[in-house]
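Structure assessment
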2 protein chains.
Amino acid sequence: MSLRNTRQRSAVSALLAEVEGFHSAQDLHAMLRDRGERVGLTTVYRTLQGLADAGEIDVMRPPGGEHLYRRCSEGHHHHLVCKACGWTVEVAGPAVETWAERVAAQHGFTNVSHTLEIFGTCPPCSP
Amino acid sequence: MSLRNTRQRSAVSALLAEVEGFHSAQDLHAMLRDRGERVGLTTVYRTLQGLADAGEIDVMRPPGGEHLYRRCSEGHHHHLVCKACGWTVEVAGPAVETWAERVAAQHGFTNVSHTLEIFGTCPPCSP
DNA sequence: GCGAGAACGACAATGATTGTCAAAAACGCA
DNA sequence: TGCGTTTTTGACAATCATTGTCGTTCTCGC
């Protein structure tokens, strides 16, 4: 399978490289429109899905509903997310990684991946 | 807030006590219908939500789509889920709990919760 | 037994995501 | 550079779990 370089794919990648934090597909689509880029919503969804599959961006499924996408630093890590304002901090947890793999191995599981999100209230949002 | 005991709430609780593994709201609703219990789908959703809020059942949001509910053992724990057949194992990880709280505290976060799911392929489903 | 308030449930509404398919663009090759 | 093949695009429709609505029904304390 060969991936072709298209204007739309570049635009999405470029946008993700510039923005901070998590954004929904619809957010990103709106931003592209504001920039004058003409990209269809369907294409934004598919492009994000492709990037996520390729491991180039992170996907988060907050309890609230829509999927959020974000360009992240390299390597595996997790997120500490403020329930109130959405502000996120990347956290690394080597101990957790090894723990997860060990537990999975104990039960004979292979091809293991995992998701971990920590939710809380950040200092500015505390009453 | 006072929770009232209704036939429907009892039916949902009883069903959850009997079935194994995770089931979607629609699944559970169908099972109730098969039993002859007349419960509305809306009510099943609301009841499950209430039970989840009360911490009596677990909610899982698999990448596939719908929410899955399950009556779980007491105490905080996580799940090791087979991507192929859905078979799940409960796993406890005290180390992870303390790690999550410590990380959150380091960043000044309060009111902390977290979600952790491990996905893999269980032995019977391995090729 | 009674009444206020909670819960129910049929139905409509929401809204993110996915499918469709003809038109357009990209790439390999000569 | 020109051409044909194959992928990609994107407007629109379709899907589908979940949530809102609101009149009716049921609980529970008194």
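Residues numbered from 1 in each chain as written. Chains lettered and ligands numbered in written order. Predicted model: local features only at pLDDT ≥ 70, side-chain atom pairs only at ≥ 80, totals over all residues. Heavy atoms only, no water.

**Observations concerning the overall build of chain A**
Here is the rule: Note on conventions: DSSP H or I runs of at least 4 residues are helices, E runs of at least 2 residues are strands, and numbering of each starts at the N terminus. Relative accessibility under 20% of the residue-type maximum defines a buried residue, over 50% an exposed one, and the middle range a partly exposed one, all with a 1.4 Å probe and only protein chains included. Contact criterion: two residues are considered in contact whenever any of their non-hydrogen atoms come within 4.5 Å of each other.
Helix and strand counts for chain A stand at 4 helices and 6 strands. Order of helices (α) and strands (β) in chain A, N terminus to C terminus: α-β-α-α-β-β-β-β-α-β. Its C-alpha atoms give chain A principal-axis dimensions of about 50 × 50 × 25 Å. Looking at chain A as a whole, 38% of its 127 residues are labelled buried. Pairs at least 24 residues apart make up 44% of the contacts formed inside chain A by residues separated by at least 6 positions.

**Regarding the sheet that holds strand E2 (residues 57-60) of chain A**
All names here are of chain A. Definition in use: Note: two strands are recorded as paired if DSSP finds a minimum of 2 bridges between them.
With respect to topology, 3 strands assemble into an open sheet ordered E1-E3-E2, the strand pairing being antiparallel. The sheet is open, and its two borders are formed by strand E1 (23-24) and E2, each paired with just one other strand. Examined bridge by bridge, E2 and strand E3 (residues 68-71) share 4 bridges and lie antiparallel to one another. Residue pairing for E3: Val 59 is matched across the bridge by Tyr 69.

**Notes on the sheet that holds strand E5 (residues 88-91) of chain A**
The cut-off we apply is this: Only the stretch in contact is used when a helix axis is fitted, and all axes are lines through C-alpha atoms; the angle between N-to-C directions ranges over 0 to 180 degrees.
The strand order across the open sheet built from 6 strands is E5(A)-E4(A)-E6(A)-E6(B)-E4(B)-E5(B), with neighbouring strands paired in mixed fashion. The outermost strands of the open sheet, each flanked by one partner alone, are E5 of chain A together with strand E5 (88-91) of chain B. Along the sheet, successive strands turn relative to each other by an average axial angle of 20 degrees, direction set aside. As defined by bridge partners, strand E4 (residues 78-82) of chain A adjoins E5 of chain A across 4 bridges and the pair is classed as antiparallel. Bridging from a neighbouring strand, Leu 80 of chain A pairs with Val 89 of chain A of E5 of chain A.

**Looking at the protein's contact with DNA strand C**
The following threshold applies: When at least one non-hydrogen atom of a residue lies within 4 Å of a molecule or strand, that residue is treated as near it. Pairs of N or O atoms are called polar contacts if they sit within 3.5 Å, as long as, within protein, a hydrogen donor faces a hydrogen acceptor (for residues adjacent in sequence, only side-chain-to-side-chain pairs).
Taken together, 22 residues are adjacent to DNA strand C, and Tyr 45 of chain A together with Arg 4, Thr 6, Gln 8 and Arg 46 of chain B come closest. A share of 67% is what sugar and phosphate atoms reach among the atoms of DNA strand C within 4 Å of the protein. Within the backbone of Gly 40 of chain B, a nitrogen or oxygen atom sits 3.1 Å from a phosphate oxygen of DNA strand C. Here a base nitrogen of DNA strand C sits 3.0 Å away from a polar atom, N or O, in the side chain of Thr 42 of chain B. Where the surface near DNA strand C is concerned, the elements lending two or more residues are helix H3 (41-53) of chain A together with helix H1 (7-18) and helix H3 (41-53) of chain B. The leading source of residues in the surface near DNA strand C is H3 of chain A, at 4 residues.

**Quick notes on the nonpolar core**
Cut-off, in case you're wondering: Residues belong to a common nonpolar core when they are buried Ala, Val, Leu, Ile, Met, Phe, Trp, Tyr or Cys residues joined through side-chain atoms within 4.5 Å.
Core analysis: the biggest nonpolar cluster contains 26 residues, and Leu 80, Trp 99 and Phe 109 of chain A together with Leu 80, Trp 99 and Phe 109 of chain B have the highest contact counts within it. Those elements that provide at least two residues to this core are E4, E5, helix H4 (94-106) and strand E6 (110-121) of chain A together with strand E4 (78-82), E5, helix H4 (94-106) and strand E6 (110-121) of chain B.

**Here's the deal with the protein's contact with DNA strand D**
Spelled out, the test is: Three residue categories are used. Nonpolar comprises Ala, Val, Leu, Ile, Met, Phe, Trp, Tyr, Cys and Pro, charged comprises Asp, Glu, Lys and Arg, and polar comprises the others, including Gly.
Not every one of the 22 residues close to DNA strand D is listed here, only the nearest: Gln 8 and Arg 46 of chain A together with Arg 4, Tyr 45 and His 67 of chain B. Those atoms of DNA strand D that come within 4 Å of the protein belong to sugar or phosphate at a rate of 65%. In the environment of DNA strand D, a phosphate oxygen lies 2.9 Å from a nitrogen or oxygen atom belonging to the side chain of Thr 43 of chain A. Secondary-structure elements contributing two or more residues to the surface near DNA strand D are helix H1 (7-18) and H3 of chain A together with H3 of chain B. In terms of residues, the surface near DNA strand D owes the most to one element, H3 of chain B, which gives 4 residues. Each residue belonging to the surface near DNA strand D can be placed in one class, and the counts come to 3 nonpolar, 11 polar and 8 charged.

**Concerning the UniProt feature "binding site: Fe cation" (unreviewed entry) in chain A**
Residue and element names in this part refer to chain A. To keep things clear, this is the line we draw: UniProt positions are given in the numbering used here, feature names are shortened, and annotations may be inferred rather than shown by experiment.
Under the local residue numbering, the UniProt record ascribes the feature "binding site: Fe cation" (unreviewed entry) to His 76, Glu 97 and His 114. These annotated residues cover 39 residues of sequence, but their C-alpha atoms sit close together, with the largest distance between any two at 10.4 Å. Relative to the helices and strands, His 76 resides in the loop between E3 and E4. Once you skip the residues sitting within four places of it in the chain, His 76 turns out to touch Glu 97 and His 114. Residue placement: Glu 97 occurs in helix H4.

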